[in-house]
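# Survey of secondary and tertiary structure
The lines below spell out each chain.
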Amino acid sequence: MKYLRNLFWGLLSLTIIGVIVGVAGVSYIISHYSKDLPDYSQLRNYEPPIVTRLYAGDGRFLAEFAQEKRVFIPIEAIPEIVKNAFIAAEDKNFYKHSGVDFIATARALITNLRNRGTGRRPQGASTITQQVAKNFFLSNETSYERKIREAILSYKMTQMMSKDHILELYLNQIFLGGGAYGVAAAAQHYFNKSLEELTIAEAAYLAALPKAPNNYHPIYNHDVAVQRRDYVIQRMQEDGYITRAQAELAYAVPLEMAKRDESTVVDAPFFAEEVRRELADRFGEGSLYTGGLVVKTSVDPRLQDIAERALRNGLMAYDMRHGWRGAIKRLETMENWRAQLKEVARPPAMIEQWELAVVLESGKDTAKLGFLDESKSGELRLSDVKWAQKYLNEGYSLGPAVASVKQVADVGDVIMVEPKPPEAKKQTAEQKAAGEAPEMQTFEGVYLLRQIPDVQGAVIAIDPHTGRILAMQGGWKYGISEYNRATQAKRQPGSAFKPFVYLAGLDKGFTPATLILDAPMCFEDRPGHMWCPRNYSGESYGPTTVRVGVEKSKNQMTVRLSDFLGTDLIAKYSDHFGITDNMKPLMSNALGASETTLLRITTAYAMLVNGGKKITPTFFDRVQDRHGKTIFRHDRRDCQYCGPKIKWEGQGVPEIPDNREQIADERTAYQMVSILEGVVQRGTATKLKELNRPLAGKTGTTNRSNDAWFIGFSPDLAVGVFVGFDSPRSLGKKEQGASVAVPIFKDFMGEALKGEPPVPFRRPPGIRSVLVNANTGARANPGDSNVIWESFKAGTEPTDTMYILDEGGIRELPYYGGYSESAYGEGDYPGQIPAAAGYNPDQPYTPPPVQQESPSVDTGTGGIY
């Protein structure tokens, strides 16, 4: 008995000692591994990196930027079915344990001991809390040391934070594949749904991903993914989250990855990239990629689509005028041609609507085409390849006229083609009488030959009243280059700058009817060197009104006016309108020699049509932070009486002030708008008359036709077009703003304004319309045939005394039905106008026929026109 008592006390002593040693050991382990633990208290106010999203003007999705594609969702907004799916899959006792599930840990320990030496990966038993600790603070190292630190962190986190808060961190932080972090981003990525739209089967699939997202891809590892999803569904049923009937229905749902609905997405990559650049500059890279900004951009999706098509069609039209540069590749043999075609990479600049094809047969009238798709076939027709004369050199020499399809596309050629779109048949007399549209002719199986243009260009559209950029296409195709020719390409605008020279003149007392001598003149632009600008025709046209000088783009008149006003004043106007920064006071700058961007000069034109009000161009209207607070607003006007009321209760309509700076006399601005409207009616842009609505603008072409421009506007939309090579070279001797840029502007405006009633340009107070002789600028007399309504500032209407700017400066020129020799003849004009110019001092001046722009005659300085 004594023996048993001693044994009892001995075992009890050993047990106590063991417990003490165990407690001491555990305390030591906890103390040892608790050293240098991360500061987990920061998780109380943790704001994870979330995605910045851009939305178009109509609210549709535009783009997103993030280091981790994540959308933070508060725990109370996460549906129960999603929470339950993850708890069932990852931690069934989540709401019961204190951060570590000891039963699950023991089970995993026994399993790992059994598997020791088998090479199998150790089984984990991490709770959701432990995964949060690991994801935020620890590495993915598989070791007992990391597991101990993880357990200690988890316990302490559970003491400090609620279970819901820990679950919120987990569901928003975890990586679920496809670049998606958190359940909200994953739901969008895999199913194009919000969390509340997820089904049981979809929620179960997301909960199946944390272990190894790449192993359970719904397309590449479909069967394994279904097995893992079904396991989660089973666990949800066993834990009582769903019924057996719900589980059976979920098992039967096929696992399919949904694509984003394209109708909810706006494709404007040049625009989105420009917004990205500006956000980074304004708010910093950190806020852009991790701050979860919500950006309401100004892009109008309809106008953006029109801009892209108009530019591409215009670049293709130019490119086709300059010949066919040949097939992408010639197959060595036609054996197994489809396999060879499969190896041919699509050129990066090839647009989505085009396809690669192989010429299988070729003759005089047609060529048979083969495609990768065995069910598809097609043909080229001679009438559709007539344009494809062989391109010979940069001098734009072309080969012989195309007489057969075989001359362009021979057997074995790999070419780019596009299905031929339907065309309207000729309208019958009956259809015309009834106001019916002509029938459409379709071309089943007929394709058009395509080639990627060498030339580049840009289009930009601006609301002239607010500065909101409504559309921008910065090149042929985004992706081959992020270079944006609307905002980054600094080029010489040529004659597109001239309106601002004449605007300065109108401010200094000139009127649209003032005469300026169009005659040769030379300047010493540097010691020993003379610069002699010339007109398109190389001829001079004598006394010419300011209006005609702009409408017909007269270089000599523009330079003479600039010389009279002073180059310092011209530079001041250019800087004042934001076309340039610190323009040098050089005479050649009057003809557009100083570089600018399409965005800048289009904004300047917008400030003409809006009545001389300063606007700041913007790509976005408003920016909000992750909490919904507005941190940027383009429209900074205060609405004093807007308040919280959203319902009418008899209060007056709020008056929102116009706080735009007046940077030009609104009367002067209107006079220039009227003159630029004449460019469309009688000048270098008469192609636009076909649109039959109020439009105005100015063409521009630089020396040697390197760049072509048209900047124009309707009363409520300003649009700029630029075309040129990225490495400047001539567009061709006959190419100019009127032939290259105007058609693009016309296509854009024709579609953009379709369905809108024509609105006249707004005339401000203080303008008087006077009927004048368009040839002379004098008041119209009975019998005058060429008369127009001209716009004058009140008090500057024409009288019997006229004024001319010539070699001697401003002088009076009495008008007696003609220019008398005594008033202005050979004895007074030191330069003698050539007889070929058609100038007769005894007869009223008659303008020449409409002239197109052309390079000025340059004596060695590379003059701009």
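Residues numbered from 1 in each chain as written. Predicted model: local features only at pLDDT ≥ 70, side-chain atom pairs only at ≥ 80, totals over all residues. Heavy atoms only, no water.

Summing up its helical and strand segments, the chain has 22 helices and 28 strands in all. Across the 865 residues of the chain, 51% fall into the buried class. Residue pairs in contact within the chain that sit at least 24 positions apart in sequence constitute 69% of those at least 6 positions apart. As presented, the chain carries roughly 41200 Å² of accessible surface, and 51% of it is formed by carbon and sulfur atoms. (Helix = DSSP H or I, 4+ residues; strand = E, 2+ residues; numbered from the N terminus. Buried < 20%, exposed > 50% of the residue type's maximum accessible area, 1.4 Å probe, protein only. Contact = heavy atoms within 4.5 Å. Areas by Shrake-Rupley, 256 points an atom, 1.4 Å probe, with all protein chains shown as cover.)

One non-glycine residue with positive phi stands out, namely asparagine 336, at about 55°. Residue placement: asparagine 336 occurs in the loop between β6 (329-330) and α14 (337-342). The class of asparagine 336 is exposed, set by a relative accessible area of 57%. Located in the positive-phi region is arginine 704, a residue other than glycine, with phi close to 60°. Counting through the fold element by element, arginine 704 comes out in the loop between β22 (696-701) and β23 (707-714).

If you trace the 5 strands from one edge of the open sheet to the other, you get β2-β1-β5-β20-β21, paired in mixed fashion. For this open sheet the edge positions go to β2 (61-65) and β21 (630-633), each flanked by a neighbour on one side alone. When strand polarity is set aside, the average angle formed by the axes of neighbouring strands in this sheet is 15°. Across 3 bridges, strand β1 (residues 52-55) lies against strand β5 (residues 294-297) in parallel orientation. Note on β5: the bridge partner recorded for tyrosine 55 is lysine 296. Each of β1, β2, β5, β20 (620-624) and β21 is contacted by helix α11 (residues 269-283), which is oriented at about 50° to β20, the strand it contacts most. (Pairing = 2+ DSSP bridges. Axes fitted to C-alpha atoms, helices over the stretch in contact; angles between N-to-C directions.)

Right, let's talk about the layout of surface pockets for a bit. Reported here for the second largest pocket is a volume of approximately 1200 Å³. Looking at the second largest pocket, it is lined by 44 residues, and the ones nearest its centre are Ile615, Thr616, Pro617, Thr618 and His634. Going through the elements one at a time, α11, α20 (598-609), β20 and β21 are the ones with two or more residues in the lining of the second largest pocket. In terms of residue count, α20 provides more of the lining of the second largest pocket than any other element does, 5 residues in total. Considering only residue class, the lining of the second largest pocket consists of 12 nonpolar, 15 polar and 17 charged. (1 Å grid on protein atoms, 1.4 Å probe; cavity = no way out; pocket = protein on both sides within 12 Å on 5 of 7 lines; lining within 4 Å. Points joined across faces, edges and corners; volume = space filled by probe spheres on them. Nonpolar A, V, L, I, M, F, W, Y, C, P; charged D, E, K, R; others polar.)

Before going further, it helps to spend a moment on empty space enclosed by the protein. Over the atoms rolls a probe the size of a water molecule, and in doing so it shows where empty space is left. Applying the stated criterion to the full structure yields 4 cavities of 30 Å³ or more. Estimates place the volume of the second largest cavity at around 70 Å³. Lining the second largest cavity, in full, are Tyr318, Asp319, His322, Arg325, Tyr391, Tyr396, Asp454, Phe725 and Arg729. When the residues that make up the lining of the second largest cavity are grouped by side-chain class, the tally is 4 nonpolar, 1 polar and 4 charged.

Moving on to the pairing of β23. Two faces make up the sheet, and in a regular strand the side chains alternate between them. Across the 8 residues of β23, 8 count as buried, placing the element largely inside the fold. Bridge analysis of β22 against β23 gives 6 bridges, and the strand direction is antiparallel. Its bridge partner lying in β23, threonine 699 is registered against phenylalanine 710. In sequence, β22 turns back onto β23 through a hairpin of 5 residues, with arginine 704 there showing a positive phi of about 60°. The sheet contact formed by β23 and strand β24 (residues 717-724) spans 8 bridges and is antiparallel. Looking at β24, one finds that serine 714 is bridged to leucine 717.

Here we take up the pattern of salt bridges. Within the structure shown, the criterion is met by 43 salt bridges. In this structure, aspartate 230 engages arginine 229 in a salt bridge whose closest nitrogen and oxygen atoms are separated by 3.0 Å. A single burial state applies to aspartate 230 and to arginine 229, both of which are buried. (Salt bridge = Lys/Arg side-chain N within 4 Å of Asp/Glu carboxyl O.)

In this section: the packing of helix α8 (residues 200-207) against helix α9 (residues 222-238). Helices that pack against each other are described as a pair by the angle of their axes relative to one another and the distance between those axes. As a packed pair, α8 and α9 sit with axes 8 Å apart at the nearest point and diverge in direction by 110°. The orientation of α8 with respect to α9, classified from their angle, is roughly perpendicular. Taking contact as the criterion, the partners of Ile200, Ala201, Ala204, Tyr205 and Ala207 in α8 are, on α9, Ala225, Arg229, Val232, Ile233 and Met236. (Parallel < 35°, antiparallel > 145°, perpendicular 65-115°, else oblique.)

Enumeration over the complete set of coordinates arrives at 23 aromatic pairs. Pairing tyrosine 55 with phenylalanine 61 gives two aromatic rings, centres 6.3 Å apart and planes at 80°, and the pair type is edge-to-face. Relative to tyrosine 205, the ring of tyrosine 190 has its centre 5.5 Å away and its plane inclined at 80°; by these criteria the two rings are edge-to-face. Taken together, the residues tyrosine 190 in helix α7 (residues 183-191) and tyrosine 205 in helix α8 connect sequence positions 15 residues apart. For the pair formed by tyrosine 190 and tyrosine 205, the shared burial category is buried. In textbook terms, an aromatic cluster arises when at least three aromatic residues are bridged by ring pairs, as seen for Phe497, Phe500, Phe577, Tyr605, Phe713 and Phe761. The ring of phenylalanine 94 carries the charged tip of lysine 163 above its face, separated from the ring centre by 4.7 Å. The side chain of lysine 420 reaches across the aromatic face of phenylalanine 443, ending 4.2 Å from its centre. (Phe/Tyr/Trp six-rings, centres within 6.5 Å; stacked < 30°, edge-to-face > 60°. Lys NZ or Arg CZ within 6 Å of the ring centre and 35° of its normal.)

Now for a negative patch on the surface. On the surface, Asp261, Glu262, Asp267 and Glu352 cluster together into a patch of negative charge. Positionally, aspartate 267 belongs in the loop between α10 (244-252) and α11. You can call aspartate 267 exposed: its relative accessible area is 57%. (Patch = residues over 30% accessible without salt bridge, like charges linked within 9 Å, V, L, I, M, F, W, Y side chains within 5 Å. Lys, Arg positive; Asp, Glu negative; His and termini not counted. Charge placed at Lys NZ, Arg CZ, Asp CG, Glu CD.)

The biggest cluster of nonpolar side chains holds 126 residues, and the ones touching the most others in it are Phe577 and Phe748. Setting aside residues up to four positions removed in sequence, phenylalanine 577 forms contacts with Phe500, Leu503, Ala604, Met607, Leu608, Ile663 and Ala664. Of all hydrophobic cores here, the second largest spans 54 residues; its members include Ile73, Ile78, Met236 and Ala250. (Core = buried A, V, L, I, M, F, W, Y, C linked by side-chain atoms within 4.5 Å.)

On the surface, Phe564, Tyr803 and Ile810 cluster together into a nonpolar patch covering about 280 Å² of accessible area. Along the polypeptide, tyrosine 803 turns up in strand β27 (residues 801-806).

Turning our attention to the sheet that holds β23. In space, the 5 strands of this open sheet follow the order β15-β14-β24-β23-β22, with antiparallel pairing throughout. A strand with exactly one partner marks an edge of an open sheet, and here the two such strands are β15 (469-473) and β22. Direction aside, neighbouring strands of the sheet carry axes that sit 5° apart on average. Sheet topology places strand β14 (residues 456-462) next to β15; 4 bridges connect them, and they run antiparallel. For valine 459, the partnering residue across the bridge sits in β15 and is glutamine 473. Sitting on the sheet, helix α21 (residues 666-682) is in contact with β22 and β23, with an inclination near 65° to β22.

Turning to the confidence of the model for the chain, a few remarks are in order. If pLDDT is low for a region, its predicted coordinates should not be looked at in detail. Per-residue pLDDT for the chain averages 85, and the proportion of residues at 70 or more is 83%. Below pLDDT 50 for its whole length, residues 30-35 participates in 9 contacts with residues either more than four positions away or in separate chains. Every residue in residues 815-865 is under pLDDT 50, and counting partners more than four places away or in other chains gives 129 contacts. (pLDDT = per-residue confidence, 0-100.)

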